[in-house]
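# Analysis of the macromolecular model
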Amino acid sequence: IERLSALFFGARSRLKNLGYINVHLRLGDGTMGWSKYAPYDAIIVSAASPAIPQPYLNQLAEGGRLIIPVGDAEEQTLTYIKRQGKKIHQEKISRCRFVKLKGSYGFSVV
């Protein structure tokens, strides 16, 4: 999911030119997840969020795993999450630094 149309269309074009046919792309607010295909066994987030977006937790399958950098704009902690029933287990993996995840459940778009 990409929120910037230029990056979305560029990625779509590159993937097509490389012959990838089993990739689904979406233009939109990535912090909302993609409920159409939920629940997911795994979600990988490659941008930092100030907190874990609730839509990601809602879209995790039983036994599903989520990895996401969580923290402020300068430093985050790579966090591993696993859903077991109604419980969400979190494990901090390491410090890291990613670009900001912008959107409704991330950093401000402005």
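Presented here is an overview of the structure given in this document. All values reported here derive from a predicted model rather than from experimental measurement. Numbers given to residues run from 1 along each chain, matching the order in which its sequence is written. Predicted model: local features are reported for residues with pLDDT of at least 70 only, side-chain atom pairs are reported and counted for 80 or more only, and whole-chain, interface and lining totals are derived from all residues. Note: side-chain values were computed over all heavy atoms of the structure, leaving out hydrogens and water.

## Things to note about the sheet that holds strand S4 (residues 87-96)
Only strands joined by at least two bridges in the DSSP assignment are considered to pair. A helix here means a DSSP run of H or I that spans at least four residues, while a strand means a run of E at least two residues long, and both kinds are numbered starting from the N terminus. Across the sheet, which stays open at both edges, the four strands sit in the order S1-S2-S3-S4 with mixed pairing between neighbours. Strand pairing shows two members of the sheet lacking a second neighbour, strand S1 (40-44) and S4, which therefore form its edges. Taken over all neighbouring pairs, the strand axes of this sheet differ in orientation by 15 degrees on average, direction set aside. As judged from the nine bridges shared by strand S3 (residues 76-84) and S4, these two strands associate in the antiparallel manner. Paired with Tyr 80 across the bridge in S4 is Glu 91. With axes taken as lines fitted to C-alpha atoms, and helix axes fitted only over the stretch in contact, angles between N-to-C directions fall between 0 and 180 degrees.

## Digging into the packing of aromatic side chains
For this analysis, a ring pair means two rings from Phe, Tyr or Trp (six-membered ring only for Trp) whose centres lie within 6.5 Å, classed as stacked if their planes differ by under 30 degrees, edge-to-face if by over 60, and tilted for the remaining angles. Counted according to the given criterion, the structure contains two aromatic pairs. Between the aromatic rings of Phe 8 and Phe 9, the centroid separation amounts to 4.9 Å while the plane-to-plane angle is 80 degrees, which identifies the pairing as edge-to-face. Here the aromatic rings of Trp 34 and Tyr 37 are separated by 5.2 Å at their centres, their planes lie at 75 degrees, and the arrangement is edge-to-face. Residue exposure (1.4 Å probe, protein chains only): buried if accessible area is under 20% of the type maximum, exposed if over 50%, otherwise partly exposed. Judged by relative accessible area, Tyr 37 falls into the partly exposed class, the value being 42%. Think of it as a cone above the ring: NZ of Lys or CZ of Arg counts as a charge over the ring if it is within 6 Å of the ring centre and within 35 degrees of the ring normal. Taking the ring centre of Phe 107 as reference, the NZ or CZ of Lys 100 above it sits at 5.7 Å.

## Describing the environment of Ile 52
Position of Ile 52 relative to the elements: it lies in the loop between S1 and helix H2 (54-58). Those residues within four positions of Ile 52 in sequence are excluded, and the remaining contacts are Leu 57, Leu 66, Ile 68, Val 70, Ile 81 and Gln 90. Whether two residues are in contact is decided by their heavy atoms, any of which lying within 4.5 Å being enough.

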